[in-house]
Structure formats: C-alpha cells, structure tokens
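# Descriptive analysis of the structure
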Amino acid sequence: NTTAKNVFNSGELKEQPLKEDNTPDVIIDNPKLNRGLTNPTNINSDNEYYRTQSIVNNSEVLIYHSEPLKEDIIINGKIALETFISIDVEDVDLKFDAYEITKENKSLFLQSDYIRASYRNGLSSPKKVEKNKVLKYLFSGENFFSRVLKKGSRIRLVFSFIDSPYTQRNFNYEESPSYQTIDKA
C-alpha cells in the first residue's frame, strides 16, 4: 500500500500480503529535522492519553486498519508483528503502536513495541544491517494485556521510526548511538 500515510487513506491489515501490491510503503527518517524536540508525536496535554494517541502529528508514519471485527475477540498476552523491511541507512529505530478503534470511533491503546534494526535478531549482540535488502523484523510486544475487542471495532496499527525526546536518538549510522552526533547524520 502506498496510501498508508493518514487515517483517512490508510492501508489494510491482512493475514496474507496482497499479490497485486508490489509497491512498498515508505517513511523517511531525517534525523536533522529533530521533530522529537520541537513537535513530538507523543505529547498531549489531554488527561486521557491512552484514548487519544492513535493519531500522530508526524507525516512520516504508516497507518493500517483491519476490517471491522465480525465477533468479540479476547486477547490475553501480547500482539506480535512480523514485518519485512528494507532500509537504506546503517541502522534505525522503529516502533509500532496498536489501538482498538470502537464503533463509536474511540481510540483505545493496546500495545506498542520498539526495535533497533541492528538488534533485530536479539539483544545479546548487534548484527550489521545490509542496506537495501529486505529483512525480517519481529516485534514481539512490549507488555502483556487483557482485553475484549468488541464486535464492529477495528484494529489500527501505526508504524514509524522513533522520534521522541524520551528515548536515545539513533542518527542512523553504524556507530553506537551513545556516541553519534547530528554532524555525521
């Protein structure tokens, strides 16, 4: 889907890839824009944070929706997300957020997870990312939760790179982010 850039023209969550969909969805992480400090995607003065955060103010996201659920679904555990991604930099930090969108159009946070591309095979040691090669990334879920997703609700998935003042900034090159500077980005 090349149209997954906003909630009104989102991509579709399917169990299998569409055979006719050969064009990848693209997001661009330009660390020099520094959106995390001046226009963070995760700041909200609303007291109902988990009900309002499924719409982000960053255009470099991919948004997907499921079809309306045909019956209630009980989830006890985590949501795992398997993706196949090609990157054209030496490293990048990625994340997904999942929400239930009710029939009343309320957004309820379900789960998020984060992954640094160089640690896609586990946290014990980094593995260099081959640029422009499609690699598997498994997001295994950050937290356990229990919820009944109601019939008629949709699942919204928001996928992006990490751009937040609350996390270590990865400027997308091979050196450890602890030592990276924006001058080399």
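Here we summarise the structure given alongside this text.

## A few points about the pattern of salt bridges
A complete count under the given rule lists six salt bridges for this structure. Here K95 ties to D97 by a salt bridge, and the two come within 3.4 Å at their closest N and O atoms. The exposure class of K95 is buried, given its relative accessible area of 13%. The exposure class assigned to D97 is buried, which follows from its relative accessible area of 7%.

## With respect to the nonpolar core
The biggest cluster of nonpolar side chains holds 23 residues, and the ones touching the most others in it are I87, L94, F96, Y137, F139 and F159. Only β2 (61–65), β4 (81–85), β5 (93–101), β6 (107–116), β7 (135–139), β8 (145–149) and β9 (154–161) provide two or more residues apiece to this core. Sequence-distant contacts of F139, defined by excluding residues within four places in its chain, comprise I79, A80, L81, T83, L94, K95, F96, D113, Y114, I115 and F159. In terms of nonpolar packing, the next biggest core, distinct from the first, is built from five residues, V61, Y99, I101 and V158 among them.

## Let's talk about the packing of aromatic side chains
One pass over the structure, following the stated rule, counts three aromatic pairs. Judged by centre distance (5.7 Å) and plane angle (90°), the rings of F96 and F139 are edge-to-face. Residue F96 is found in strand β5, and its partner F139 is found in strand β7; the two are separated by 43 residues along the sequence. For F96, a relative accessible area of 0% gives the class buried. Seen in terms of ring centroids, F139 and F159 are 5.9 Å apart; in terms of plane orientation they differ by 85°. Their pairing is edge-to-face. A residue pair is termed long-range when its members are at least 10 positions apart, and F139 in strand β7 and F159 in strand β9 qualify at 20 residues. Residues F139 and F159 agree in their burial class; the two are buried.

Each value, and the rule that gives it
Residues numbered from 1 in each chain as written. Predicted model: local features only at pLDDT ≥ 70, side-chain atom pairs only at ≥ 80, totals over all residues. Heavy atoms only, no water. Salt bridge = Lys/Arg side-chain N within 4 Å of Asp/Glu carboxyl O. Buried < 20%, exposed > 50% of the residue type's maximum accessible area, 1.4 Å probe, protein only. Core = buried A, V, L, I, M, F, W, Y, C linked by side-chain atoms within 4.5 Å. Helix = DSSP H or I, 4+ residues; strand = E, 2+ residues; numbered from the N terminus. Contact = heavy atoms within 4.5 Å. Phe/Tyr/Trp six-rings, centres within 6.5 Å; stacked < 30°, edge-to-face > 60°.

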